[in-house]
Amino acid sequence: MVPLADVLGLTRQTAVLAFQFGDGFTNSIIPTSSELMAYLAVAGIPYTKWVKFIKPLMIVWILSGVVLLLIADAINIGPF
């Protein structure tokens, strides 16, 4: 993440924050997440039903993540 942040002109903290948002958000919906599929199997919830349920929440999370990343970039806090 450090070389990418340096090339894009972002602080390293903002790049890591973007990575953490993306990782955290996608773990709630990707079918290759073994924990998610295990939870759904134990609860007896089909994956398609889960996607329909989580879609509005994902939209809110992504929009709030974008706003927070824009704020992080605007304040440009970093060690440099």
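Please refer to the structure higher up on the page.
The text that follows walks through the structure, step by step, so that each part is easy to find. Since the model is a prediction, treat every value here as computed from it, not as a measurement.

Thresholds applied
- Residues numbered from 1 in each chain as written.
- Predicted model: local features only at pLDDT ≥ 70, side-chain atom pairs only at ≥ 80, totals over all residues.
- Heavy atoms only, no water.
- Helix = DSSP H or I, 4+ residues; strand = E, 2+ residues; numbered from the N terminus.
- Rg over C-alpha atoms; globule rule 2.2 N^0.38 Å.
- Buried < 20%, exposed > 50% of the residue type's maximum accessible area, 1.4 Å probe, protein only.
- Contact = heavy atoms within 4.5 Å.
- Phe/Tyr/Trp six-rings, centres within 6.5 Å; stacked < 30°, edge-to-face > 60°.

The next subject is the overall build of the protein. When helices and strands are counted, the protein shows four helices and zero strands. In sequence order, the secondary structure elements of the protein are arranged as α-α-α-α. A globule of 80 residues ought to have a C-alpha radius of gyration of about 12 Å, yet the protein, at 16 Å, is considerably larger. Principal-axis analysis of the C-alpha atoms gives the protein an extent of 50 × 20 × 15 Å. Out of the 80 residues in the protein, the part that is buried amounts to 19%. Sequence separation of 24 or more characterises 53% of the internal contacts of the protein that already satisfy a separation of 6 or more.

We now examine the packing of aromatic side chains. As enumerated under the stated definition, the model contains three aromatic pairs in all. Pairing phenylalanine 25 with tryptophan 61 gives two aromatic rings, centres 6.0 Å apart and planes at 20°, and the pair type is stacked. Of the two residues, phenylalanine 25 is situated in helix α2 (residues 12–26) and tryptophan 61 in helix α4 (residues 47–75); the sequence distance between them amounts to 36 residues. On the accessibility criterion, phenylalanine 25 (17% relative accessible area) is buried. We classify tryptophan 61 as partly exposed; its relative accessible area is 27%. Measuring from ring centre to ring centre gives 5.7 Å for tryptophan 50 and phenylalanine 53, while their planes differ by 35°; the resulting arrangement is tilted. With tryptophan 50 and phenylalanine 53 both in helix α4 and three residues apart, this pair spans about one turn of that helix. According to the relative accessible area criterion, phenylalanine 53 is exposed, its value standing at 58%.

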